[in-house]
Amino acid sequence: MGIEIERRFLVKPEAWQQRLHRLHGKGVKITQGYLCMGENAVVRVRIAEDRAWITLKSRIAPATRYEFEYSIPVSDARQILQTMCGTYIIHKTRYHVCADETDCWEVDIFHEQNEGLIIAELELHDPHQFLILPDWVGEEITYDTRYDNFNLAKLPFKTWSDGANH
């Protein structure tokens, strides 16, 4: 059984742009769609470049989830996205920013209906692990479920009345 512990934060756009310039555009384009978004579990399919996965997640606590992830053929993932996910699809570019061997951030720049949203997340070994936040990391959103990817697929960031304020 896999357990994922992560904390999530909004990214300060101006500070991130300076950091992004140093990464030389090495982001990975990701498309992910949702097959099931229930109270107890979420099932998604994801394509990242030439790889694809199906993932099952279930919340244990606000920052902790069960996570089961399995590789699938990209052609199957494309068919699932086209025929089974409907409009519950998000597009983003992911960047990996490692401060050291233990702190490797994933930064997602969202596109299309979630344009303008940039989220950083850090996987942890313990939910109470001490964090040193980079200067481009802003408000914590770990406990705000609106920012969960499956919720962004249902209710995109651009539709929020306060979306311009973030």
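Note: the structure precedes this text.
Cut-offs used in this document
Residues numbered from 1 in each chain as written. Predicted model: local features only at pLDDT ≥ 70, side-chain atom pairs only at ≥ 80, totals over all residues. Heavy atoms only, no water. Disulfide = S-S within 2.5 Å. Helix = DSSP H or I, 4+ residues; strand = E, 2+ residues; numbered from the N terminus. Buried < 20%, exposed > 50% of the residue type's maximum accessible area, 1.4 Å probe, protein only. Contact = heavy atoms within 4.5 Å. Salt bridge = Lys/Arg side-chain N within 4 Å of Asp/Glu carboxyl O. Phe/Tyr/Trp six-rings, centres within 6.5 Å; stacked < 30°, edge-to-face > 60°. Arc of directions from axis to C-beta. Pairing = 2+ DSSP bridges. Core = buried A, V, L, I, M, F, W, Y, C linked by side-chain atoms within 4.5 Å.

Things to note about the state of the cysteines
All told, the structure shown has one disulfide when counted by the stated rule. Take Cys 36: it sits in no disulfide, and the sulfur closest to it among the cysteines is that of Cys 85, at 11 Å.

A look at the side chain of Asn 114
In this fold, Asn 114 is placed in the loop between strand E7 (104-110) and strand E8 (118-123). The class of Asn 114 is buried, set by a relative accessible area of 3%. Contacts of Asn 114, omitting those with residues within four sequence positions, involve Ile 90, Leu 152, Pro 156 and Phe 157.

Quick notes on the pattern of salt bridges
Within this structure, the stated rule accounts for 14 salt bridges. Close ionic contact of Asp 144 with Arg 146 constitutes a salt bridge, the shortest N to O distance being 2.9 Å. Given a relative accessible area of 31%, Arg 146 falls into the partly exposed group.

Quick notes on the packing of aromatic side chains
To describe a pair of aromatic rings, one takes the distance between the centres and the angle between the planes. All chains considered together, the criterion is met by six aromatic pairs. Both rings, one in Trp 16 and one in Tyr 95, keep their centres 5.9 Å apart while their planes meet at 65°; by these two values the pair is edge-to-face. Of this pair, Trp 16 sits in helix H1 (residues 13-23) while Tyr 95 sits in strand E6 (residues 89-98), and the two are 79 residues apart along the sequence. Taken as a pair, Trp 16 and Tyr 95 share a single burial class, namely buried.

Remarks on helix H2 (residues 74-84)
Since the α-helix packs 3.6 residues into each turn, any two residues three or four apart lie on the same face. Val 74, Ala 77, Ile 80 and Leu 81 are the residues of H2 that are buried. For H2, the angular spread of buried residues about the axis comes to 120°, placing them on one side. Opposite the buried face of H2, at more than 90 degrees from it, the exposed residues are Ser 75, Gln 82 and Thr 83. Elements in contact with the buried residues of H2: strand E2 (28-37), strand E3 (42-48), strand E4 (51-61), strand E5 (64-72) and E6. Gly 86 sits one or two residues past H2 and shows a positive phi near 60°.

Quick word on the pairing of strand E1 (residues 3-11)
Burial within E1 is extensive, with eight of its nine residues counted as buried. Judged from the five bridges that link them, E1 and E8 form a sheet pairing that is antiparallel. When the sheet's bridge partners are listed, Leu 10 is paired in E8 with Ile 119. As judged from the two bridges shared by E1 and strand E9 (residues 137-140), these two strands associate in the antiparallel manner. Opposite Val 11, over in E9, you have Val 137 as the bridge partner.

Side note on the nonpolar core
Ranked by size, the top nonpolar core spans 18 residues in total, and within it Val 11, Trp 16, Trp 105, Val 107 and Trp 136 carry the most contacts. Elements with a contribution of two residues or more to this core: E1, H1, E6, E7 and E8. The next biggest cluster of nonpolar side chains, apart from the first, holds 14 residues, and it includes Leu 10, Phe 110, Leu 117 and Ile 119.

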